[in-house]
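If you want the building blocks of each chain, they are given just below.
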Amino acid sequence: MKRRALLAAVGALPFAERVQAQGDDWPNKAVRIVCPFTPGGSQDNIARRLSAKLGDYMGQTFVVENRTGAGGSIAADNVAKAAPDGYSVLLGNIGSHALVPHLYAKPSYDALTDLETVAWIGTQPNLLACNPAFPHDTLPKLIEAAKKDPAKYSFGSSGLGTSPTLTMEMFKKKTGADITFISYRGAAAAAADVLAGHVPLVISNIDSLMGQVSAGKLKPVATTGARRSSILPETPTFAEVAGPELVVTSWSIWSVPKGTPPRIKDKLREQTERALKETDVIASMRQGGFEPGSMTVPEIDAFIRQERTRWGEVIRDAGIKPE
């Protein structure tokens, strides 16, 4: 009788209070990890690796659901509109949280107000690579050549409003190098044209190009991290040549719908931080050029606001108009 009375009382509460009143039984069913990236890439692999660890720790299934497109906004909108009960988690990123507000005239969500930050996961740099026969295969050589012969050289990348392409827009502005952007549907298509000799340069997330680099089909020119990548330690960074403004990373976080109970967020954050200390997780992430890290929630939120401001300026300077 007491149990029935308790359940009846809980059922009468508003939704958010009802979730909170159910005690510390989260998760008691499968949790969706909504990933804005296609299966097989480093970000998807990270989502799956962490999901497996979280499932082991908490004795429940964490299922990765890939919802790609529109710069991460499709996945983010799906989670933003989900129930705030801890069963929908977004793999948030630079696209969903910092670029979308400047690329779409009427975004269907606002990451700062419709989503809440849970945990920092880590960062991954972009990689600029070239055809091995391309003579201007260092940043100093490329800058000199692009200034001497404006618009003679080009680079391929996946879409105008992506962090690799915007990296090159910053590079061009900072150095005065006049290099033409050629848009592709994805990094694979851009790399294929570089391998064929149609385009000399390609830039993408580092994991997208490492297969061809390891095979000697592409030559690495520079990476965009704050320090040299552990998988390409001989390759300099943009920052070494053009300054710290050229530090650009594709970062990942966990986000949940606004109103998710604090105890659920705390548990997810604690178990994620536990997973990020596991040797096999660290090795797997670094294999894809991804560096795990740690930030408090206030630090993450401040970083996101800084990224929004930064990329808004880059997008406006590049003349990119919202769709």
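To be clear, the structure that these remarks concern was listed above.
Description of the structure in this document. What you see is a predicted model, and the numbers here were worked out from it, not measured in a lab.

The rules behind the values
- Residue positions within a chain follow its written sequence, with the count starting from 1.
- The model is predicted, so local features are restricted to residues of pLDDT at least 70 and side-chain atom pairs to those at 80 or more, both for listing and for counting; the totals for chains, interfaces and linings are taken over all residues.
- Neither water nor hydrogens contribute to the side-chain values; these are computed over all heavy atoms in the structure.
- Strands here mean DSSP runs of E at least two residues long; helices mean DSSP runs of H or I at least four residues long; both are numbered from the N terminus.
- In what follows, a contact means two residues having at least one pair of non-hydrogen atoms within 4.5 Å.
- Computed with the Shrake-Rupley method and a 1.4 Å probe, the accessible areas treat only the protein chains shown as cover for residues.
- Working convention for charge: Lys and Arg count positive, Asp and Glu count negative, and His plus the chain ends are omitted.
- Just so you know, the charge point we use is NZ for Lys, CZ for Arg, CG for Asp and CD for Glu.
- Classification of residues uses two cut-offs on accessible area relative to the type maximum, computed with a 1.4 Å probe and protein chains only: under 20% is buried, over 50% is exposed, and between them is partly exposed.
- Pairs of N or O atoms within 3.5 Å make up the polar contacts considered here, provided that, within protein, one atom can donate a hydrogen while the other can accept it, and that residues adjacent in sequence are counted only when both atoms are side-chain atoms.
- The definition of a nonpolar core used throughout is a set of buried Ala, Val, Leu, Ile, Met, Phe, Trp, Tyr and Cys residues joined through side-chain atoms within 4.5 Å.
- Think of it this way: a Phe, Tyr or Trp ring, Trp meaning its six-membered ring, pairs with another when their centres are within 6.5 Å, and the plane angle makes it stacked under 30 degrees, edge-to-face over 60, tilted otherwise.
- The rule is short: NZ of Lys or CZ of Arg within 6 Å of the ring centre and within 35 degrees of the ring normal puts a charge over the ring.
- Two strands qualify as a pair provided that DSSP identifies no fewer than 2 bridges between them.

As a further point, take the overall build of the protein. In terms of helices and strands, the protein carries 14 helices and 10 strands. Its C-alpha atoms give the protein principal-axis dimensions of about 85 × 40 × 30 Å. For the protein, the proportion of contacts with a sequence separation of at least 24, taken over those separated by at least 6, is 77%. Accessible area for the protein stands at about 14,500 Å²; split by element, carbon and sulfur atoms hold 53% of it. Across the protein, the mean location of the 37 positive side-chain charges is 3 Å away from that of the 33 negative side-chain charges.

Along helix 10 (residues 206-214), the positions that sit buried rather than exposed are Ile206, Leu209, Met210, Gln212 and Val213. Of the surrounding secondary structure, the elements contacted by the buried residues of helix 10 are strand 4 (115-130), helix 9 (187-195), strand 7 (201-205) and strand 8 (219-223). A positive backbone phi angle near 80 degrees is found at glycine 216, which sits one or two residues after helix 10.

As for its position among the elements, glutamine 271 is in helix 12 (residues 262-275). Using a relative accessible area of 15% as the deciding quantity, one classes glutamine 271 as buried. One polar contact links glutamine 271 to arginine 274, side chain to side chain, over a distance of 3.1 Å. Beyond its immediate chain neighbours, meaning those up to four positions away, glutamine 271 contacts Leu54, Tyr57 and Met58.

Bringing the nonpolar core into the picture now. Leu128, Phe171, Phe238 and Trp311 are the most contacted members of the largest nonpolar core, which has 39 residues in total. The leading source of residues in this core is helix 14 (residues 297-317), at six residues. Leave out the neighbours within four places in its chain, and phenylalanine 171 touches Leu139, Leu142, Ile143, Gly176, Ala177, Ile179, Phe238 and Leu246. In this structure, Ala47, Phe62, Tyr87 and Val89 belong to the second largest nonpolar core, which totals 27 residues.

What follows concerns the packing of aromatic side chains. Tallied over the full model, the rule gives eight aromatic pairs. Ring centres of tryptophan 120 and tryptophan 251 lie 6.2 Å apart, and the angle between their planes is 20 degrees; on these two criteria the pair is classed as stacked. Taken as a pair, tryptophan 120 in strand 4 and tryptophan 251 in strand 9 (residues 249-257) lie far apart in primary sequence, 131 residues in all. Each member of the pair, tryptophan 120 as well as tryptophan 251, is classed as buried. With a centroid separation of 5.8 Å and an interplanar angle of 75 degrees, the aromatic rings of phenylalanine 134 and tyrosine 153 are classed as edge-to-face. Here the residue phenylalanine 134 occupies a position in the loop between strand 4 and helix 7 (139-148), and tyrosine 153 occupies one in strand 5 (residues 153-157), the gap between them amounting to 19 residues. Across the pair, tyrosine 153 and phenylalanine 134 agree in class, each one buried. The ring of tyrosine 87 has lysine 29 lying over it, and the distance from NZ or CZ to the ring centre is 4.8 Å. The aromatic ring of tyrosine 57 is capped on one face by arginine 274, whose charged end is 3.7 Å from the ring centroid.

Right, let's get into unusual backbone geometry. Most peptide bonds are trans, and most residues other than glycine sit at a negative phi. The omega torsion of the bond from tryptophan 26 to proline 27 falls at -5 degrees, within 30 degrees of zero and hence cis. In this structure, proline 27 sits in the loop between helix 2 (15-21) and strand 1 (31-35). With a phi angle near 55 degrees, alanine 70 is a residue other than glycine that sits in the positive phi range. Looking at where alanine 70 falls in the secondary structure, it is placed in the loop between strand 2 (62-66) and helix 4 (73-80). The exposure class assigned to alanine 70 is partly exposed, which follows from its relative accessible area of 31%. Phi at alanine 151 is positive, roughly 65 degrees, even though this residue is not glycine. Checked against the element boundaries, alanine 151 lands in the loop between helix 7 and strand 5. With relative accessibility at 45%, the residue alanine 151 sits in the partly exposed group.

Time to look at the environment of glutamate 291. Among the structural elements, glutamate 291 can be located in strand 10 (residues 291-292). For the pair glutamate 291 and serine 229, spaced 62 residues apart in sequence, the C-alpha to C-alpha distance is 8.8 Å. Setting aside chain neighbours within four positions, we find glutamate 291 in contact with Ile121, Gly122, Thr123 and Arg286.

A few words now on the pairing of strand 4. By the criterion of burial, strand 4 is predominantly enclosed, with 14 of the 16 residues buried. Examined bridge by bridge, strand 4 and strand 9 share nine bridges and lie antiparallel to one another. Across the sheet, the residue bridging to glutamate 116 is valine 256, located in strand 9. Pairing of strand 4 with strand 10 involves two bridges; the strand directions are antiparallel.

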